[in-house]
Amino acid sequence: MRLFLDDGIKRRVAEPSRHYNRYNTRLFHQPLRGSGIIDAVVQVEGVTKLYRGVPALRDVSLTVASGITGLLGPNGSGKSTLIKALLGLVKTQSGSGQVLGHAWPGDVRRIRDSVGYLPEDDCYITGLVGVESVALMARLSGLSGTEALRRAHEMMDFCDFGEERYREIQSYSTGMRQKLKFAQALVHDPPLMILDEPTTGLDPDQRASMLNRIRTLALRHGKSVILSTHILPDVRAVCDNVIILVGGTVRVVDSLETLSRPSSPTLHVTTLGDPAALIAKATDAGYRVLQNEDGSLRIEGIEATDTARLWDWAAETQTSIRRMQPALNSLDKIFMDVAKGRDSLPSDTPLESFSAGQ
Ligand SMILES: Nc1ncnc2c1ncn2[C@@H]1O[C@H](COP(=O)(O)OP(=O)(O)OP(=O)(O)O)[C@@H](O)[C@H]1O
């Protein structure tokens with residue numbers, strides 16, 4: 001089945017991604033900032049979802065601020081269920097709130113109109129070529145045929161599609177399918193995008209491009225993004241805020257900056273050669289020193305103003321310091337601690353449920 005038979009589709013030449021279209025008008029609507037209306041893009045309370053009596057979400061209450069928010073949690077923690085609940089794709093047993101100012105769950109139609117959703121699974125109609133599929137999504141959002149096609153091409157340009165846009169989707173690689181889903185989610189210019197594992201299966205180049213696209217949408221076009229993922233470096237790369245779900249309950253809602261700050265001043269020190277003598281000096285002076293797997297040191301409780309002492313000990317012990325900087329909490333460790341319900345772990349604890357990268 002072909003939705004569009006116009007030869008004009010084939011004649012259109014793919015251009016490098018731009019944020020203006022060929023009429024030099026803006027590709028994306030700029031949401032009003034500072035109005036207070038969209039500062040919390042999602043705010044829900046008391047959300048419970050049972051699948052055949054088994055809870056997937058337990059009395060979840062949370063607020064998602066504008067910007068890019070990472071939605072994290074081990075397998076089966078309820079991330080996809082929460083997303084589907086917000087979009088009215090699964091019915092919850094309890095809960096109320098708002099999404100982009102629309103009542104949830106009452107006004108789910110308006111919510112779906114205002115949100116771009118990239119699902120975890122493939123979603124396309126067999127037999128369509130890429131650009132037809134994106135244009136179909138635009139038609140479903142209410143655009144006329146011509147406008148939908150124009151918009152579809154613009155989104156495919158933004159997602160770096162070339163002539164592959166005219167190929168049937170069944171022939172697409174995993175990376176192209178992810179980009180296609182992204183273009184489909186974005187085609188109606190929603191102020192909020194909910195992306196469920198958008199970088200899964202991408203090679204490093206494609207992953208970097210996808211993250212770049214997400215960052216561009218937020219920074220240049222004022223869009224908010226909820227990014228559900230297992231890939232912690234993706235969160236570090238683009239997210240402002242983090243939500244951690246474990247066993248269907250919310251364990252953390254905070255900014256990445258706050259989460260990364262150690263509870264006491266801590267320095268991360270890298271030395272050339274054996275740091276044993278330096279460790280002994282710092283320990284004798286009452287500081288707690290942990291050695292990381294790569295041999296670098298975490299010296300806890302030391303104020304930035306005390307660094308002169310560290311340089312003195314380095315000179316006394318003939319240890320060369322290559323680098324000294326304020327330490328940040330490792331995201332990996334934060335997630336391990338939260339997932340396991342622990343306060344602290346040795347810094348070299350291996351990851352189990354989360355991926356440190358691809
Ligand atoms: N349609 C369903 N029927 C029954 N149980 C379900 C259904 N969908 C999800 N669940 C269960 O609900 C819980 C939460 O699942 P969900 O898919 O929301 O987790 P998730 O955090 O997205 O997991 P993953 O990271 O593996 O995608 C899991 O125990 C899952 O088995």
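Residues numbered from 1 in each chain as written. Predicted model: local features only at pLDDT ≥ 70, side-chain atom pairs only at ≥ 80, totals over all residues. Heavy atoms only, no water.

- Where an unreviewed UniProt entry is consulted, the protein appears under the name ABC transporter ATP-binding protein, with the organism given as Novipirellula rosea.
- As its UniProt record puts it under Sequence similarities (unreviewed entry), the protein is described as follows: "Belongs to the ABC transporter superfamily." (UniProt positions renumbered as here; feature names shortened; annotations may be inferred.)

Thoughts on the overall build of the protein
Next up, step 1: Of the regular secondary structure elements, the protein holds twelve helices and 14 strands.
Next up, step 2: Buried positions account for 49% of the 358 residues belonging to the protein.
Next up, step 3: Across the protein, every contact between residues at least 6 apart in sequence was considered, and the portion connecting residues at least 24 apart equals 69%.
Next up, step 4: Here the protein displays about 17,300 Å² of accessible surface, and carbon together with sulfur accounts for 49% of that area. (Helix = DSSP H or I, 4+ residues; strand = E, 2+ residues; numbered from the N terminus. Buried < 20%, exposed > 50% of the residue type's maximum accessible area, 1.4 Å probe, protein only. Contact = heavy atoms within 4.5 Å. Areas by Shrake-Rupley, 256 points an atom, 1.4 Å probe, with all protein chains shown as cover.)

Quick notes on the pattern of salt bridges
Side-chain pairs of opposite charge can arise whenever the charged atoms involved come near each other.
Next up, step 1: All chains considered together, the criterion is met by 13 salt bridges.
Next up, step 2: The closest approach of N and O atoms between Arg 213 and Asp 160, which form a salt bridge, is 3.3 Å. Remark: Asp 160 occurs in the loop between helix H5 (145-158) and helix H6 (174-186) and Arg 213 occurs in helix H7 (residues 204-221); sequence separation between them is 53 residues.
Next up, step 3: On the accessibility criterion, Arg 213 (6% relative accessible area) is buried.
Next up, step 4: Of the charged contacts, one joins Arg 298 and Glu 300 as a salt bridge, the two residues approaching to 3.8 Å between their closest N and O atoms. The exposure classification of Arg 298 matches that of Glu 300, with both residues buried.
Next up, step 5: Beyond isolated ion pairs, a larger network of salt bridges with shared partners links Glu 147, Arg 150, Arg 151 and Glu 154. (Salt bridge = Lys/Arg side-chain N within 4 Å of Asp/Glu carboxyl O.)

Description of the nonpolar core
Next up, step 1: One finds Val 134, Phe 182, Leu 195, Ile 214, Val 242 and Ile 244 to be the most contacted residues of the largest nonpolar core, which totals 52 residues.
Next up, step 2: Here Val 134 is in contact with Ala 152, Met 155, Met 156, Leu 180, Ala 183, Gln 184 and Val 187, once residues within four sequence places are set aside. (Core = buried A, V, L, I, M, F, W, Y, C linked by side-chain atoms within 4.5 Å.)

Some details on the site of the ligand
Next up, step 1: With respect to spatial proximity, the complete set of residues near the ligand consists of Tyr 51, Ala 56, Pro 74, Asn 75, Gly 76, Ser 77, Gly 78, Lys 79, Ser 80, Thr 81, Glu 120 and His 230.
Next up, step 2: The contact in question runs from an oxygen atom of the ligand to an N or O atom on the backbone of Gly 76, over 2.9 Å.
Next up, step 3: Separating an oxygen atom of the ligand from a side-chain N or O atom of Lys 79 is a distance of 2.8 Å.
Next up, step 4: Here the shell around the ligand gets three residues from one element, more than from any other, and that element is helix H2 (residues 79-86). (Near = heavy atom within 4 Å. Polar contact = N/O pair within 3.5 Å; in protein donor to acceptor, adjacent residues only side chain to side chain.)

Some remarks on the sheet that holds strand E14 (residues 320-326)
Next up, step 1: The antiparallel open sheet is built from four strands, whose spatial order is E12-E13-E11-E14. Only two strands of the sheet have a single partner each, and these edge strands are strand E12 (288-291) and E14. With direction set aside, neighbouring strand axes in the sheet form an average angle of 25 degrees.
Next up, step 2: Alignment of E12 against strand E13 (residues 297-300), held across four bridges, turns out to be antiparallel. Bridging across to E13, Gln 291 finds its partner in Leu 297.
Next up, step 3: Here helix H10 (residues 276-284) sits on the sheet in contact with strand E11 (266-272), E12 and E13, set at roughly 150 degrees to E12.
Next up, step 4: Here helix H11 (residues 307-316) sits on the sheet in contact with E11, E13 and E14, set at roughly 165 degrees to E14. (Pairing = 2+ DSSP bridges. Axes fitted to C-alpha atoms, helices over the stretch in contact; angles between N-to-C directions.)

Digging into the pairing of strand E8 (residues 224-228)
Next up, step 1: Taking burial as the measure, the five residues of E8 include five buried ones, the bulk of the element.
Next up, step 2: Across the two faces of E8 the burial is the same, with Ser 224, Ile 226 and Ser 228 and Val 225 and Leu 227 all buried.
Next up, step 3: As paired strands, strand E7 (residues 192-196) and E8 are joined by five bridges and run parallel to one another. Bridge pairing in E8 links Ile 194 to Ile 226.
Next up, step 4: Between the parallel elements E7 and E8, the chain passes through H7 in a crossover that is right-handed. (Right-handed = clockwise from strand over helix to strand, strands pointing away.)

Brief notes about the layout of surface pockets
Next up, step 1: Taken as a whole, the second largest pocket holds about 580 Å³ of empty space.
Next up, step 2: Where the lining of the second largest pocket is concerned, the elements lending two or more residues are helix H3 (108-114), strand E6 (115-118), helix H4 (130-140) and H6.
Next up, step 3: Residues that form the lining of the second largest pocket fall into these classes: ten nonpolar, four polar and four charged. (1 Å grid on protein atoms, 1.4 Å probe; cavity = no way out; pocket = protein on both sides within 12 Å on 5 of 7 lines; lining within 4 Å. Points joined across faces, edges and corners; volume = space filled by probe spheres on them. Nonpolar A, V, L, I, M, F, W, Y, C, P; charged D, E, K, R; others polar.)

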